[in-house]
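# Observations on chain architecture
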Amino acid sequence: MITGMTGFGACAVSLDKIRGIVEIKTVNHRYLDVAFYLPVGFSSIEDKIQKIIATRIKRGRVTVSVKITDRPQTNIALNQDAVKRYLDFAKALGKKHHLKNDITVADIMRLPGVVEAKEVFVQAADLWPVLEKSLQKAVAGVAVMRSREGKALSVDINGQLKRMLVQINLIKSRTAAILKESKTKMAKDEFSSFQKSNDIHEEIARLTHYIDEAKALLKQGEGAGKKLDFIAQEMQRETNTIGSKVQDKVVAAAVIALKSKVEKIREQSNNVE
């Protein structure tokens, strides 16, 4: 069964005091194109993420976002050596100039180098074991959505193919009637020439074959999008030839209807993986 290219999946990430969220979004694209939005220092795992994506997604623009929502608190340390030097300096200064030493704790805390705050960075290597599992779950969620879209696309495309067959049968019956009517009105040589110029047997046969091929692709699934697009182009070519060969209002209307349905199939093929 075919799959679509629109999907979304998300999963939480949790390791000790670290909390995060993984989100994967996919939309239409001619090839597999993955964009990453990762925390600082996580570029080293892009290849690993790409491999996980490629196991379930073959075509589409994929956006992978990893956000760290909670992490261990910033480490704050007091530089005892710096405090001692500041106090010794203040004491010496007060003694030398006969100043009152009224320095407070708040004064000391504001001095450069007394309080050292070190931000705790989340390391990609440490988080990878749990992140990998979260990515797998998020990709699975995307796959479910794309599968549901594929079923809807299959129903729509099959409907277009059935309606194409109705128009093809109309063209066949109409051209047969035109030939029958012309045979009674034309000379033998004239009719023979007219019959050859209006012969669309090959075009009808190929068009019917392409419909069968498209139906098979809808069941086959993998890689169907590009093939459907190619088949739709060939359908359009055969339909144009029929329209140019048979100059008749009924056939012309059927050809227009055929073109409309082929165009819809081609548009939908851009949504198929």
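As shown above, the structure is provided for reference.
Structural notes, computed from the coordinates. (Residues numbered from 1 in each chain as written. Predicted model: local features only at pLDDT ≥ 70, side-chain atom pairs only at ≥ 80, totals over all residues. Heavy atoms only, no water.)

Assignment of secondary structure puts lysine 91 in helix α2 (residues 80-97). The sequence separation of lysine 91 and asparagine 101 amounts to 10 residues, and the corresponding C-alpha distance is 6.9 Å. (Helix = DSSP H or I, 4+ residues; strand = E, 2+ residues; numbered from the N terminus.)

Quick look at a nonpolar patch on the surface now. A cluster of nonpolar residues, Ile76, Leu78, Val105, Met109 and Val115, forms a patch on the protein surface that exposes about 480 Å² of accessible area. The residue leucine 78 is located in strand β5 (residues 75-78) in this model. (Patch = residues over 30% accessible without salt bridge, like charges linked within 9 Å, V, L, I, M, F, W, Y side chains within 5 Å. Areas by Shrake-Rupley, 256 points an atom, 1.4 Å probe, with all protein chains shown as cover. Salt bridge = Lys/Arg side-chain N within 4 Å of Asp/Glu carboxyl O.)

The next point concerns the side chain of serine 134. Along the chain, serine 134 turns up in helix α4 (residues 124-185). Ignoring sequence-local partners within four residues, the contact set of serine 134 consists of Cys11, Ala12, Val13 and Val22. (Contact = heavy atoms within 4.5 Å.)

Before going further, it helps to examine the sheet that holds strand β1 (residues 7-15). One open sheet holds the four strands; their spatial order is β1-β2-β4-β3, and the pairing between them is mixed. Every interior strand has two partners, whereas the edge strands, β1 and β3 (32-37), have only one. When strand polarity is set aside, the average angle formed by the axes of neighbouring strands in this sheet is 15°. Sheet analysis places β1 next to strand β2 (residues 18-27), joined by nine bridges and oriented antiparallel. Residue pairing for β2: alanine 10 is matched across the bridge by glutamate 23. Packed on one face of the sheet, helix α1 (residues 46-56) meets β2, β3 and β4 (60-70) and runs near 135° to β3. Strands β1, β2 and β4 of the sheet are contacted by α4, whose axis makes an angle of about 160° with β1. (Pairing = 2+ DSSP bridges. Axes fitted to C-alpha atoms, helices over the stretch in contact; angles between N-to-C directions.)

To continue, consider the pairing of β3. In summary, the side chains of a regular strand alternate between the two faces of the sheet. Strand direction decides the pairing type here: β3 and β4, joined by six bridges, are parallel. Paired with aspartate 33 across the strands is arginine 61, a residue of β4.

Let's shift gears to the packing of α4 against helix α5 (residues 188-197). To describe two helices that pack against each other, one gives the angle between their axes and the distance between the axes. Direction vectors running N to C along α4 and α5 enclose 165°, while the axes themselves pass 9 Å from each other. Taken together, α4 and α5 sit at an angle that is classed as roughly antiparallel. By crossing handedness, the relation of α4 to α5 is classed as right-handed. Contact with α4, carried on its side by Ile178, Leu179, Ser182 and Lys183, involves Phe191, Phe194 and Gln195 of α5 and no other residues of that element. Of the residues in the contact of α4 with α5, the class split is four nonpolar, two polar and one charged. (Parallel < 35°, antiparallel > 145°, perpendicular 65-115°, else oblique. Left-handed = near helix turned anticlockwise from the far one by under 90°. Nonpolar A, V, L, I, M, F, W, Y, C, P; charged D, E, K, R; others polar.)

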